[in-house]
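Descriptive structure summary
Here is how the chains run, residue by residue.
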Amino acid sequence: MKKRKINEAYWFLSPYLLMFAMFIVVPVLVAIYLSFTNFNTIEMPKWIGFSNYTAIFTQDDIFMQYVLPNTIKFALIVGPGGYIISFMLAWMLAQIPHRPRTILALIIYSPSMTMGVAMTVVWSIFFSGDQTGYLNAWLLRLGLIHMPIQWLQSPEYLMTIMIIVSLWSSMGVGFLAMLAGVLNIDQSIYEAGYIDGISNRFQEIIHITIPSMKPQMLFGAVMAVVTTFQSGDLGVQLSGGNPTPQYAGQVMVNHISDYGLTRYEMGYASALSVILLVGIYVLSKFSWKLFGEKE
């Protein structure tokens, strides 16, 4: 009887397992294989061993001078920054009545649904380099600048703009999970905490709120890692070209796209994607260490 139930469970899971294998497992295995080859999409892949990985760290000056530092900077600011902001907004919304909380949660969550073309159009108009751009128009009107600034074509400003836009749109499903986690904490735990000596809201957050919603915190952390690397293509969308001006907004996602879709060096692009995959995996494991259940 038990074996029959297990078999039935696998039958129900089989569509998901099939799709997961086809669209996740197989592409990852193919990418790992191609990362050890020279493949231009026309000729058959030629096995070259670790040559692609060696070239990335010893010959690719753009990767070492611009892509890797930009990726680390972008990830360290947008990932933890968006994660902390998500938690703080979720905690603050939990303190207000249901109706305004629902409205504000919808307003905060909605930018995460406008990724891609819609978001690029809005922010491209705001940071437009002529005098009709909203930011330039305001600064000119206030007398703070005397001529329009090319915000999206300037290496000085592009990364900062990418970080601002990414943080603005980072309140996604991780934020909703944290809000649900805060709202589902038993209020009697807070009462017991104040009896045991908790005297302010900061201690309440550290000793009760966060420990009581570790699954939601873990989910939010993993989503923050994934979303951060997904939004890396933002620099290309805003500046209108790949590579970005003087590689100021060039991150791993752009570099992979440049070699894979522009130069058709698929083996090299696969090696870059494997490095990115390993980075995401390491950060996800770190998140699990922080918020995963201890056995």
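Residues numbered from 1 in each chain as written. Predicted model: local features only at pLDDT ≥ 70, side-chain atom pairs only at ≥ 80, totals over all residues. Heavy atoms only, no water.

What counts is decided by this rule: UniProt positions are given in the numbering used here, feature names are shortened, and annotations may be inferred rather than shown by experiment.
If you look the protein up in an unreviewed UniProt entry, it shows as Carbohydrate ABC transporter membrane protein 1 (CUT1 family) from Paenibacillus taihuensis. Database annotation for the protein, UniProt heading Sequence similarities (unreviewed entry): "Belongs to the binding-protein-dependent transport system permease family." The Subcellular location (unreviewed entry) comment attached to the protein in UniProt states, word for word, "Cell membrane".

What to know about the UniProt feature "transmembrane region" (unreviewed entry) in the protein
In plain terms, the rule: Starting at the N terminus, helices and strands are each numbered in turn, a helix being any DSSP run of H or I of at least four residues and a strand any DSSP run of E of at least two.
Sites flagged by UniProt as "transmembrane region" (unreviewed entry) map to residues 12-36, 74-94, 106-126, 161-183 and 266-284. Annotation note: span residues 266-284, helix share 100%, strand share 0%, distance between end C-alpha atoms 26 Å.

Section: the nonpolar core
Worth spelling out the cut-off: Definition used in this section: a nonpolar core is a set of buried Ala, Val, Leu, Ile, Met, Phe, Trp, Tyr and Cys residues joined via side-chain atoms within 4.5 Å. Accessibility here uses a 1.4 Å probe with only protein chains present; expressed as a share of the type maximum, an area under 20% marks a residue as buried, one over 50% as exposed, and anything in between as partly exposed.
Core analysis: the biggest nonpolar cluster contains 22 residues, and Tyr 83, Phe 87, Leu 93, Phe 175, Met 178 and Met 213 have the highest contact counts within it. Elements with a minimum of two residues in this core: α3 (61-93), α4 (98-109), α8 (173-183), α10 (201-212) and α11 (214-230). The element contributing the most residues to this core is α3, with 5 residues. In terms of nonpolar packing, the next biggest core, distinct from the first, is built from 18 residues, Phe 229, Ile 256, Ala 269 and Val 274 among them.

Section: the packing of aromatic side chains
Note the following rule: Two rings belonging to Phe, Tyr or Trp (six-membered ring only in the last case) form a pair when the distance between their centres is within 6.5 Å. Interplanar angles under 30 degrees mark stacking, angles over 60 mark edge-to-face geometry, and anything in between is tilted. Charge over a ring is defined by NZ of Lys or CZ of Arg lying within 6 Å of the ring centre and within 35 degrees of the ring normal.
Applying the stated criterion across every chain, the model contains 16 aromatic pairs. A ring pair is formed by Trp 123 and Phe 127, whose centres lie 5.7 Å apart and whose planes are at 20°; its orientation type is stacked. Residue classification places Trp 123 among the buried positions, given a relative accessible area of 12%. Here Tyr 259 and Tyr 268 contribute two aromatic rings whose centre-to-centre distance is 4.6 Å and whose plane-to-plane angle is 40°, an arrangement assigned as tilted. Here Tyr 259 and Tyr 268 have matching classes, each one buried. Among the aromatic residues, those joined into a cluster by ring pairs are Trp 123, Phe 126, Phe 127, Tyr 134, Trp 138 and Trp 168. The ring of Tyr 259 has Arg 263 lying over it, and the distance from NZ or CZ to the ring centre is 4.2 Å.

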